[in-house]
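One-letter residues, chain by chain:
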Amino acid sequence: MILIFSKSNDPSTLDVIRWIHRLSDAKVVRINADETYDVDITFRDDDYHVAIDGDGFRLADVSSAWLRKGSFWFSGLFPQVPEDAAPSRAFAQHVEHRLRQEDMRLREHFHYVLRRRCEVLGSAMGSSPNKLTVLEMARELGLRTPPFCVSSSRQQARDLLDSGVGYISKAMSDGIYLFDVHESRRGYFTYTEALEEDSLDGLEPRMAPSFFQRYVDKAFELRVFFLDDVFRAVAIFSQNDEQTRVDYRKYNDQTPNRMVPYQLPSDVQRKLTSLAERLGLNTGSIDLIVDHAGEHYFLEVNPVGQFGPLSEACNLSIERLIAERLVSREH
Amino acid sequence: MSTELERMELGALERALPVGIGKIHVSPTVLDEGATSKVTLALPKYRHRATFVPPLHKQISKPEL
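Residues numbered from 1 in each chain as written. Chains lettered and ligands numbered in written order. Predicted model: local features only at pLDDT ≥ 70, side-chain atom pairs only at ≥ 80, totals over all residues. Heavy atoms only, no water.

**Student:** Where do I start with the overall build of chain A in this structure?
**Tutor:** Check the secondary structure of chain A and you find seven helices and 18 strands. The dimensions of chain A, computed from C-alpha atoms along their principal axes, are 65 × 55 × 40 Å. For chain A, the residues scored as buried account for 51% of the 331 residues in total. Taking all contacts inside chain A whose residues are at least 6 apart in sequence as the whole, residues at least 24 apart take part in 70%. A total accessible area of about 16100 Å² is found for chain A, and carbon and sulfur atoms account for 46% of it. Positive and negative side-chain charges in chain A, numbering 40 and 51 respectively, have mean positions lying 3 Å apart. (Helix = DSSP H or I, 4+ residues; strand = E, 2+ residues; numbered from the N terminus. Buried < 20%, exposed > 50% of the residue type's maximum accessible area, 1.4 Å probe, protein only. Contact = heavy atoms within 4.5 Å. Areas by Shrake-Rupley, 256 points an atom, 1.4 Å probe, with all protein chains shown as cover. Lys, Arg positive; Asp, Glu negative; His and termini not counted. Charge placed at Lys NZ, Arg CZ, Asp CG, Glu CD.)

Next up, the structure:
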């Protein structure tokens, strides 16, 4: 049996499941973090016994697992504490906090046992690596990285702008990416943005700590999917379109960026493999840019990145690659 | 260009946010029912529920099965 933890709005999960069905007779259980199930969970005889909406399995039945998306897959196991049922608000908050801790310990142990039982791809369980730390690690491993600055000083940001070198700004964690399907029924997004005059308009001298990184005049950018030491890379020629020059995700649907498969140099692959090992990642997506001198610059790694559009555009069969890995332990 | 992003006016909130998060864009396309409702897929070995979200800024009017 193959166990997949994901979210209901991830199309790549479905594509991988289709490949699994094509390649094997393995039963696939997909659990979405954004859905509520009737869950019964018991740990006894050194194993977890789980029933989801009446369908039961043991972790001993699982040959492979894929932590694709999300971090909280069994919601509703512990109760909410109604404030009117508690003697005080502080009491209710304290009990809520303790219940979250109980839930956390249970999840940690579940995933510990899961990793002992079977091969686990991915690390979606809330373990997104710190982007700033990753940049430091990448540099230590010999990868080029654009210099960055974090500051709460508007003057510091002004100095960067006045330097004339060119800087971008983006979130230190994940940017805003919200599909509000219930109220406004619109999507909200932030992108990597060039640091410009209007970026500083109206900011107080002491602003919220902000991340700035040297802009590299790229020849093209790379989106790289990896599974252990297997790399599938795509070169995206986003530089010549003003709309996509700083962030290719500002897609130009009328004149899409050209995308072609790309073979990473072996020394870059070796360093990226070392970085992934150091981060404890066996799969994920990596962003790089290549300048006009052919130098590769590491930007960031995303353990749960979207690979579907690139796989489709360049016929990379990433979904099949993942499926093959997942079914390889089926008997 | 077919994809014109609308910049969201946040006023004082924008000035309080980190520079890298202050410029929020909003999709000009309203998500439709087909893109937001969950469906249960009749795949052979288990049931799989999925929601079909549109690519950024694009409307989807039916599940892309």
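The discussion continues.
**Student:** Explain the pattern of salt bridges here, please?
**Tutor:** Pairs can form between side chains of opposite charge whenever their charged atoms are close. All names here are of chain A. A full pass over the atoms with the stated rule returns 25 salt bridges over all chains. A salt bridge links R18 to D15; the nearest nitrogen and oxygen atoms lie 3.1 Å apart. Residue R18 and its partner D15 are located together in helix α1 (residues 11–23), separated by three residues, close to a single helical turn. Since its relative accessible area comes to 31%, R18 is described here as partly exposed. With a shortest N-O distance of 3.0 Å, R158 and E197 are connected by a salt bridge. (Salt bridge = Lys/Arg side-chain N within 4 Å of Asp/Glu carboxyl O.)

**Student:** Before we go on, may I ask you to explain the sheet that holds strand β1 (residues 6–7) of chain B in this structure?
**Tutor:** Note on sheets: strands pair through backbone hydrogen bonds, and any given pair is parallel or antiparallel. Within the open sheet, the four strands sit side by side as β10(A)-β11(A)-β2(B)-β1(B). Their pairing is antiparallel. What marks the edges here is a single partner per strand, and that holds for β10 (177–180) of chain A together with β1 of chain B. One ladder, built from two bridges, connects β1(B) with strand β2 (residues 25–26) of chain B; its direction is antiparallel. The partner of B:R7 across the bridge, within β2(B), is B:H25. (Pairing = 2+ DSSP bridges.)

**Student:** What's the story with the sheet that holds strand β12 (residues 193–194) of chain A in this structure? I'm lost.
**Tutor:** Residues and elements named next belong to chain A. Across the sheet, which stays open at both edges, the four strands sit in the order β8-β13-β9-β12 with antiparallel pairing between neighbours. Each having just a single partner strand, β8 (148–153) and β12 make up the two edges of the open sheet. Where strand β9 (residues 167–170) and β12 come together, two bridges link them in antiparallel fashion. Opposite I168, over in β12, you have A194 as the bridge partner. Against the sheet, helix α3 (residues 131–140) makes contact with β8 and β13 (206–214), and its axis sits at roughly 145 degrees relative to β8, the strand it touches most. Helix-sheet contacts for helix α4 (residues 154–162) involve β8, β9 and β13, and the interaxial angle to β8 is about 140 degrees. (Axes fitted to C-alpha atoms, helices over the stretch in contact; angles between N-to-C directions.)

**Student:** Looking at this structure, I do not really get the side chain of A:E300. What am I missing?
**Tutor:** Residues and elements named next belong to chain A. Along the chain, E300 falls in strand β18 (residues 296–302). By relative accessible area, which is 15% here, E300 ends up buried. Dropping the residues within four chain positions of it, E300 is found in contact with K131, K170, S285, I286 and D287.

**Student:** Looking at this model, I keep getting lost on unusual backbone geometry. Mind explaining?
**Tutor:** With the exception of glycine, most residues fall at negative phi, and the peptide bonds are largely trans. Residue and element names in this part refer to chain A. With phi around 60 degrees, D46 is a residue other than glycine that occupies positive phi space. For D46, the position within the fold is in the loop between β3 (39–44) and β4 (47–52). Overall, D46 belongs to the partly exposed group, its relative accessible area being 43%. The phi dihedral of D228 falls on the positive side, at around 55 degrees, and the residue is not glycine. Within the element layout of this structure, D228 appears in the loop between β14 (218–227) and β15 (230–237).

**Student:** Please clarify how the environment of A:E324 should be interpreted in this entry.
**Tutor:** Here A:E324 lies in helix α7 (residues 318–327). Taking the C-alpha atoms as reference points, A:E324 and A:S123, 201 residues apart in sequence, are found 18 Å from one another.

**Student:** Would you take a moment to explain the side chain of A:Q239 for this structure?
**Tutor:** Residues and elements named next belong to chain A. The topology assignment puts Q239 in the loop between β15 and β16 (258–262). Owing to a relative accessible area of 10%, Q239 belongs among the buried residues under this scheme. A distance of 3.0 Å separates the side chain of Q239 from the side chain of Y215, its partner in a polar contact. Polar side-chain contacts of Q239 include one of 2.8 Å to the side chain of D217. (Polar contact = N/O pair within 3.5 Å; in protein donor to acceptor, adjacent residues only side chain to side chain.)

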